[in-house]
Structures are given as structure tokens and as C-alpha cells.
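# Summary of the model geometry
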Amino acid sequence: MMGACWGPAVRVLVLQAAWALVGGQVRYSVPEEAKVGTVVGRVAQELGLEAGEAEARRLRLVAQGRRASVEVSGASGALVVSGRLDREELCGKSAPCALRLEVLLERPLRVFHVELEVTDINDNAPLFPAARKNLSIAESSLPGSRFPLEGASDADIGANAQLSYTLSPSEHFGLDVKSADEERKFVFLVLTKPLDRETEPVHRLLLTASDGGRPSLSGTMELVISVLDANDNAPQFNQSVYKVQLPESAAEGTLLVRVNATDPDEGLNKEFSYSILSSIPAGNRDIFTIDPKTGEIRLTGTLDFEEVRSYEIQIDARDSGTPPLSGHCSVVLEVLDENDNAPEVRVTSLSVPVPEDASVGTVVAVLSVWDRDSGSNGRVRCSVWPASPFGLVSSVSGSYSLVVREALDRERVSEYEVEVRAEDGGAPALVGSRRVRVPVSDVNDNAPAFAQAVYTVLARENNAAGAELARVQAKDPDEAGNGRVRYSLWEGGVGAAGAVGGVGSASSYVSVEAESGRVWALRPLDYEEVQVLEFEVRAVDAGEPSLCGNATVQVWVLDENDNAPSLLPAAGSVSGESSGSLWAWAAWGTPAGQVVAKIRAVDADSGYNAWLRYEVWEPRGKGPFRVGLYSGEVSTARALEEADGPRQRLVIVVRDHGEPARSATATLSVSLGEGGEAASAASGAGSSGPGLRASSGAEGGSSSLSSLSSSTNAWLVAAICAVSGLLVVAVVLCGAWRWAPRAGALSGRGPATLVYASQVGSWSYSQRQSRSLCVAEGAGKSDLMVFSPNCPPPPAAAAKETQPEPPALLDTVSAAPSLASRPAPRRPRPLLSLVSVVSPGVGRRLWEAG
């Protein structure tokens, strides 16, 4: 049947297949009831897509507001019918019936607007309210009497809904059709010949309604006319059509209008009542009621402008005569629109998460906005709330794109809850909204950062291999792999990860655990080998590309008393001679206090661990000789006598001040004789003694003392000149280093140097070391740096007030509480002392000559 209505085949009518000049719209047309699979238009071809590109870029269709029965074929990119297209179901009596569609194309995201017009076909036949209608007409009715009939309705539009009426042949009745407008026609049954109930009491006629379609469709209604006798005047209304306007918000019980009719008959034939015959659209009679006595029509339901904009009500006034007669009128109700529909917002496409490096203008979502109201009530303006880095861009009316307006930062805000608000132009305005959750994805834009630029670590020497020395930690605010940090020892850092002291690289001493940042010792540390280990640790994240951060680690090695004192051999000693056996010569009569020999020893440790003292172990008791507690000089305790014999044997113990103390012993043999013999022996073996001095009696002793005093004065003058020069240099370097960058700690080894010699004693070291300490800018510290037998303690311990009494050269940098807290033995005040205090950034040094 449908095929017979459409013709031999369904043809797709493409009205417009080119872009409209405004807004870039494509318009297509398709008849309703087109078969599933019917091609409406070549959308991919219209968009200029190549074969296969439509499916690759996910070309798809989104309908706005109402369900569409079309879709885009993924393979061909054509717009095809996917379901039943019923124009009457989609648009009712509205013309034209246009569906607004959106075609989405990804990579990049683009939106194209398509308007599809569903054209009407003659697929609905005219339909009467009832298949049979009973009429009662008095036989006294005069020719020309008119009786209204309820016309048929056609769901189609245009020519397909233009109805014409015909009546089956009858000698008594004819048909009169009047057109109120293009859509409404009033059908009247006209009496053409007087009736005779006795001749023919019932007339059966067939009323046919035909539409203007090609081919035409028709509907019929049977008229059963009963001829009654008596009452010959029907009620008459004062108006044939009543026109009324009501807002759609009118409440139930609202009075529409009061109709009025009159009947010139008398008695029961004059009494009549009102009733509602029918309403257009059909099926809406229940929303109106009429008072049968007064003719007041009231609202019993709700009106909705968006559903039905006007109603036509047929009113009947029927009298009580026999037979009853009736008059008819029409009430046309126009519904007025009010702002009772809030705008609706729908997300048609969402592209999340958004990378935090997304450029301004990146499309995040596409939204459709519409309002069912009309006029100003249906005009919508949109905004984004609250304030966020996103904004709205409108390309075509009713379509908006949510785009990035400002730079994003995931570390500051990782997710946005954006509310798109749509407000109409009504009074009061109504608001519709839609929340869009926009998560921000991470990119690797933050490098790992250490808690501090420099880590200072104190470690005692002789630590176990594999011991944990320190732990560094870097944080990366990025997430997942971008924030996962791995640590490594960087060989390209400051000083190339070197060990201060020039002994190998830091990688041979320590390793860094990649996951935790723990610093492990690969082997035991030896203070005598390296005092400060400085290297850089690099933290690298797992991002692409990866970012890194560096930190400097300074490991200060603390000295342990692990070296015993060692005696220095005499210059030119005989091969095979024990270093612990020494020889000296003295003359009988040498007065008390005369130095006859000097024991020289050195300790590889530093500080108290290298501070040596000397004691005579044998012979016990009071002997002719004594040894300086800290100088190691062997001198006469009293005048020598022949009774002391030709030879004296002394066992001297050298101890350090470490805990526990370590020691070494030296055996000194002193040959006694006459002054000439002693002097001759001393001159003959002067080059072979280990720094031993001989005395040839009182005159020789006096000469030695005079020579020693001259030498002392010369040393004092030289020391004063040297200290003055150093003071000038320190002042110059103070200004230069104040603004210089931080320097690394340096230490180095040097040859044995005799610092000072006097009647009290002498100090001799196998190493000479100095250190420059860098401190942060700010208030100056009274740190004190001195020359010591070995490297000074690290700079981490608290500074202590220097003691003027101890002969050991103490480093008062803040890392040696054990040294500063140990009581120092009393000793003679030094002949020369110089303290140089320098501003921050410059080391402080103390030279002492004992």
C-alpha cells in the first residue's frame, strides 16, 4: 500500500547539497516513510573527505532535541535512513518539518551542521470522528435548513490535507461546504426538499471526504437521519465564532468565554442546554467543560503552548422540543506563550582529559543549547561559571564549543568542574545548566628538586664497607612516571665527583641507590688518605623527555686513633741500624739543662690523636737525664760526673693523646767522656745521628746556647715578617672572596717541615695541611683554622673557645667537640702567637710556634 502511495520507487530528493553561505550548513530533503538504507546525501563528499577518511576520522551524526531516524554510514560517509521517518510523528502539523543535525569529525574535532527536511507524502487518509452519525430532523424543517456536520481531519499537510466532501445521491439532502481558512472547512447538510416522516422516516447517506494528494485518499462517515415531528425552531447563537486568548499558564477553572443562544419557540421547545460537540485537535475535549445552563466554558486541564498553540471547540445548543432542535457555534482559543521552559544544555562531544600544555583555543567539548519557548523567551545566552581557564565560542545558533582560554597547570589544579549556564530572555529569566568535568593530564614540566643544594655528612674513618652514609631526597610534583625519581652519582658534577686530596674519584668510594637515594660506602674510608669527599647526586625523572636536578654531597671523614707514633730515622743512618736505637755524646761536667739529643717522632693521625708526649721509661727514678714532655729534647737533669760512667742507656716512650692511646719506644745510648773526646766524637758522627746534639763541656754548652739563641731570634724575625705578609694577603682575599662563589674544600699533602725549635722543644710533622672553609653570607663567625699535624676535623661540630695552653694545634671548626672538650695539659706559653680572623667566606688560621 505504501508503495502504491509513493509511486513505483522511492526517490531521494536532494534540495541543497552545497554549503550555505551563512554558518556553513548543508540542507537535504527526504520524503517521509523512505525505506531504511535510502541514501539522503553524500556527507563525506560534501566535506571533501577522501575514500576511507570518513571512517578513520570517526564521522558521525548527532541530532538536536529530537530523535532522528538517519545516520552516517561509517564506510561510505553517506547520510542514510536508519529507521521509520514519520513526518506527522516528528513535526505534527508544523511546516516545514526540518531536523537540525550535527556532523562531528575528529582529528581535528570539527562540527558541521546539516538541516534535513522531511517532506510530506499522502500517507494519511481523511478520518471522521465517528464512522456513524445519527441526526434527528423535524419534518417541519423548511427546505434550505442547514445542519452542521463534524468534518474529517487529515494528519498530512499542504495539498495532502486539503479535503473535499461529497454526499451520496439524495433527493432531500445536499451538501454545503464553507472554508473558514486554508485549513478549516465547515460542512453543512442542507435540506433541499421537505421531509415526510410518513413516507420515509429514516434517510441513510454516505459522507465522503477526499484529500488533494496524488493519488487521493478518502474517508467516509454514514449519516443516519431520523425525521421527527414538531419543534421547528432551533436555538440560535448571537455569534457564529467566538475568539478567545489565554496564557498557557492559565489555571484550571479559568473562564474562557460565555456563549449565548436564543430559541423563539415556546414552552419546552424553547428550553435548551449547551454541550461540547467536538474539539480540534481531536482528543482534547476533556480539558474544557461548559455549563449546560449558562453556557460558560471553563478550563479543566492544562495548556501547553509548545504542544498545541490553538484549539477549535464546536458548541451545541439543543432545545427540549420534540424533536429537539440544536444550534451551533465555534469557539477558537489561541494559547499565548509564556516563559515556562528553561533552556536545555547537552554535551554532544567531550574530549578529556586535557593535557596541561594544551594551547589556547583547544576545543574541550561541543554543546547543544535550545529552549522550547518562542520569541524572546526562546532566545538563549550562555556563560561559564565559576571563572575558569575555559570559555565558550559560538559558531552557529544553538551550538557552542568549550575551549581553553588560559594556560593550564596540573600541579595547581588537576581537575575542573565547569558549569555551562544557559539563560533565556524571558521575564523572569530561566536558567538551565550542565556540569562538565574536565580533568587535566600531566606533562613532564617539573624537574626533581632536592630539599637542599648541599648535604654535609660526617663519617668516621674505618667504617664498614656497605655502610649507609647518608640519604638524599628529591621531590617531583608531576605524577606517575613524570614524578618517579631515580638517583645516580653524577661524574660530570663539580670537581667531577672527585675525592678531596686527589685520591681517585668519588665513585670508587661511594654508590647511590637509584630508588631510595641512599648513599652507601663501597669501602672503608681512611682519614689519612682522604679527608673530604665531595660529589654530586643527580635525580632524573621518568618523563619524556626526562628532567633532572643536582645536589652536592660533602662527606667529611672524622679521624680515629688508628696510627701509632713512628720515630723519624736519623739522616744518614747506617743501613740496618734499628730506627729505635739512637746514639748521643756528652762531656763530663755538662751543667744541668743542657740539651744533648732530640727524639723526633710523627703520628699520621691529627688533633689529639697526633699530639705526642715523651717520657723516660728507663732508668726509673732520678737519673742524669730527662726528656721534654712535648719537645722530645733530652737534656741533663744535673751536672754530669765521672761517677755516671762512660755510657748511659735511656728507653724513651712516645705516646699520643688518642683513646686508647698508642705508643712507640726509642732507645738512646749516651756516651760520656772528656770534653775534647766528646766534641771529637760528636763532630765525627754529627751527620749520622738522628738529629742528636753533642756537648763538649761547659764552654761547648755555652757556645751551643748562644748559637741556639741567635737561631731563635732569626726565626722570630722571619716569623714576624711572614705573619705581616700573610695578614695583608688575608685582608685582600677577604674582600675578593666575600662575593666569590662557594669554594670546595681542599687539602693536600706536603713534605716534612720543621715549624719551630727552641730551648723548650720543637714540633716536626710529616704533613702540612691547610683548609679554607666557606660559610654562607651573613653574620661572621669566630671560626679558627690552624696548621695541625694532619687534616682538621670536619666543619660540622660546634665551635669551642680555643685554649692558649695546649701545645697541640687544635682546629676549632665546629665539628670537633671531642677535641675541644678534652682538657689540655699545661705547657710553657709559646714565644710567638698570631691569630688571623677573617670575614665570612674566608678561612681562619692560627700559626703557633712553640
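For every chain, the first residue of its written sequence is number 1, and the numbers climb from 1 along that sequence. The model is predicted, so local features are restricted to residues of pLDDT at least 70 and side-chain atom pairs to those at 80 or more, both for listing and for counting; the totals for chains, interfaces and linings are taken over all residues. Side-chain numbers come from the whole structure's heavy atoms, not from hydrogens or water.

## Considerations on the overall build of the protein chain
Selection criterion: A helix here means a DSSP run of H or I that spans at least four residues, while a strand means a run of E at least two residues long, and both kinds are numbered starting from the N terminus. Contacts are assigned to residue pairs that have any heavy atoms within 4.5 Å of one another. Each accessible area is a Shrake-Rupley result for a 1.4 Å probe, and residues are judged covered by the shown protein chains and nothing else.
Of the regular secondary structure elements, the protein chain holds seven helices and 54 strands. The contacts in the protein chain between residues at least 6 apart in sequence include a share of 68% that link residues at least 24 apart. For the protein chain, the exposed area adds up to about 41400 Å²; of that, 51% sits on carbon and sulfur atoms.

## Re the confidence of the model for the protein chain
Selection rule: Confidence of the predictor in every single residue is expressed as pLDDT, which spans 0 to 100.
Per-residue pLDDT for the protein chain averages 75, and the proportion of residues at 70 or more is 74%. Here residues 571-579 scores under 50 on pLDDT; set against residues more than four positions off or in separate chains, the count is nine contacts. A low-confidence stretch, residues 741-850 stays under pLDDT 50, and its non-local contacts, those more than four residues away or across chains, total 255 contacts.

## Points about the sheet that holds strand S20 (residues 288-290)
Quick reminder of the rule: Any two strands between which DSSP finds at least two bridges are classified as paired. Axis geometry follows a simple rule: fit a line to the C-alpha atoms, using only the stretch in contact for helices, then measure angles between N-to-C directions, giving values from 0 to 180 degrees.
Pairing within the open sheet is antiparallel, and its three strands lie in the order S17-S21-S20. The sheet is open, and its two borders are formed by strand S17 (255-258) and S20, each paired with just one other strand. Strand-to-strand twist in this sheet, taken as the mean axis angle between neighbours without regard to direction, amounts to 20 degrees. The sheet contact formed by S20 and strand S21 (residues 296-299) spans three bridges and is antiparallel. Within S21, the residue paired with Phe-288 across the bridge is Leu-299.

## Description of the pairing of strand S23 (residues 326-336)
Regular strands place their side chains on alternate faces of the sheet. With seven bridges connecting them, strand S16 (residues 241-247) and S23 associate as parallel partners. Note on S23: the bridge partner recorded for Pro-247 is Leu-336. Adjacent in sequence and paired antiparallel, strand S22 (residues 310-319) and S23 are bridged by six residues.

## A short note on the pattern of salt bridges
What counts, and what does not: Within this document, salt bridges are pairs made up of a side-chain nitrogen of Lys or Arg and a carboxyl oxygen of Asp or Glu, the two lying within 4 Å of each other. Here the term buried applies to any residue with accessible area under 20% of the maximum for its type, exposed to any over 50%, and partly exposed to those in between, with areas from a 1.4 Å probe on protein chains only.
Scanning all chains against the criterion turns up 20 salt bridges. Across the pair Glu-479 and Arg-410 runs a salt bridge whose closest N-O atoms are separated by 3.6 Å. Placement of Glu-479 in the loop between strand S35 (474-475) and strand S36 (485-490) and of Arg-410 in the loop between strand S29 (399-404) and strand S30 (415-424) is noted, with a sequence separation of 69 residues between them. Glu-479 gets classed as partly exposed once you look at its relative accessible area, which sits at 38%. Arg-410 gets classed as buried once you look at its relative accessible area, which sits at 10%. Beyond isolated ion pairs, a larger network of salt bridges with shared partners links Arg-410, Glu-411, Asp-442 and Glu-479.

## Observations concerning unusual backbone geometry
Cis rather than trans, the peptide bond between Val-352 and Pro-353 has omega equal to 0 degrees. Here Pro-353 lies in the loop between strand S24 (344-350) and strand S25 (354-355). With a phi close to 65 degrees, Asn-462 is a non-glycine residue in the positive phi region. Mapped onto the elements of the fold, Asn-462 is located in the loop between strand S33 (454-460) and strand S34 (468-471). Positive phi is not limited to glycine here, since Ala-480 has a value of about 55 degrees. Note that Ala-480 resides in the loop between S35 and S36. Assessed through its relative accessible area of 62%, Ala-480 is described here as exposed.

## What to know about the packing of aromatic side chains
To keep things clear, this is the line we draw: Aromatic pairing here means that ring centres of Phe, Tyr or Trp (its six-membered ring) are within 6.5 Å. Orientation follows from the plane angle: under 30 degrees is stacked, over 60 is edge-to-face, and everything else is tilted.
Counted by the stated rule, this structure contains nine aromatic pairs. With 5.3 Å between their ring centres and 85 degrees between their planes, Phe-390 and Tyr-416 make a pair best called edge-to-face. You can see Phe-390 sitting in strand S28 (residues 390-396) and its partner Tyr-416 sitting in strand S30, a full 26 residues away along the chain. For the ring pair Phe-450 and Tyr-487, a centre distance of 6.3 Å and an interplane angle of 55 degrees mean the geometry is tilted. Of this pair, Phe-450 sits in strand S32 (residues 449-450) while Tyr-487 sits in strand S36, placing them 37 residues apart in sequence. The exposure class of Tyr-487 is buried, given its relative accessible area of 6%. Each residue in the set Phe-237, Phe-272 and Tyr-274 is aromatic and connected to the rest through ring pairs, giving one cluster.

## Structural notes on the sheet that holds strand S38 (residues 510-512)
The antiparallel open sheet is built from three strands, whose spatial order is S34-S39-S38. The sheet is open, and its two borders are formed by S34 and S38, each paired with just one other strand. Put simply, the sheet's adjacent strands are angled 20 degrees from each other on average, direction ignored. Where S34 lies against strand S39 (residues 518-521), three bridges are found, and the strand directions are antiparallel. Bridge pairing in S39 places Glu-468 opposite Trp-520.

## Quick word on the environment of His-657
The topology assignment puts His-657 in the loop between strand S49 (647-655) and strand S50 (663-673). Its relative accessible area of 13% is what places His-657 among the buried residues. Along the sequence, His-657 and Trp-611 sit 46 residues apart, while their C-alpha atoms lie 5.9 Å from each other.

## So, the side chain of Asp-373
Condition: Here Asp and Glu are counted as negative and Lys and Arg as positive; His is not counted, and neither are the chain ends. Pairs of N or O atoms are called polar contacts if they sit within 3.5 Å, as long as, within protein, a hydrogen donor faces a hydrogen acceptor (for residues adjacent in sequence, only side-chain-to-side-chain pairs).
Mapped onto the elements, Asp-373 comes out in the loop between strand S26 (363-370) and strand S27 (380-385). One buried charge, Asp-373, has no salt-bridge partner; the nearest side chain with opposite charge is Arg-372, at 7.2 Å. Of the polar contacts made by the side chain of Asp-373, one reaches the side chain of Asn-341; its length is 2.9 Å. Each residue touching Asp-373, except ones within four places of it in the same chain, is listed here: Glu-248, Glu-306, Asp-337, Glu-338, Asn-339, Asp-340, Asn-341 and Gly-378.

## Let's talk about the environment of Leu-522
Mapped onto the fold, Leu-522 is located in the loop between S39 and strand S40 (532-541). Residues Leu-522 and Ala-506 lie 16 residues apart in sequence; the distance between their C-alpha atoms is 10.0 Å. Excluding anything up to four places from it in sequence, Leu-522 contacts Ala-465, Ser-507, Ser-508, Tyr-509, Val-510 and Ser-511.

## A few points about the side chain of Asp-559
Along the chain, Asp-559 turns up in the loop between strand S41 (548-558) and strand S42 (566-567). Although buried, Asp-559 forms no salt bridge, and the nearest oppositely charged side chain, Arg-460, lies 8.5 Å from it. Among the polar contacts listed, one links the side chain of Asp-559 to the side chain of Asn-609, at a separation of 3.1 Å. Contact partners of Asp-559, with chain neighbours within four places excluded, come to Arg-460, Glu-461, Tyr-527, Glu-528, Asp-605, Ser-606 and Asn-609.

## A word on the pairing of strand S6 (residues 98-105)
By the criterion of burial, S6 is predominantly enclosed, with six of the eight residues buried. Where S6 lies against strand S7 (residues 110-119), eight bridges are found, and the strand directions are antiparallel. Counterpart to Val-103 in the pairing with S7 is Phe-112. Counting the residues in the hairpin turn of S6 and S7 gives four residues, including Arg-107, whose phi is positive at 50 degrees.

## Observations regarding the environment of Pro-624
Relative to the helices and strands, Pro-624 resides in the loop between strand S46 (613-618) and strand S47 (625-627). For Pro-624, a relative accessible area of 6% translates into the label buried. In sequence terms Pro-624 and Ala-639 are 15 residues apart; their C-alpha atoms lie 7.5 Å from each other.

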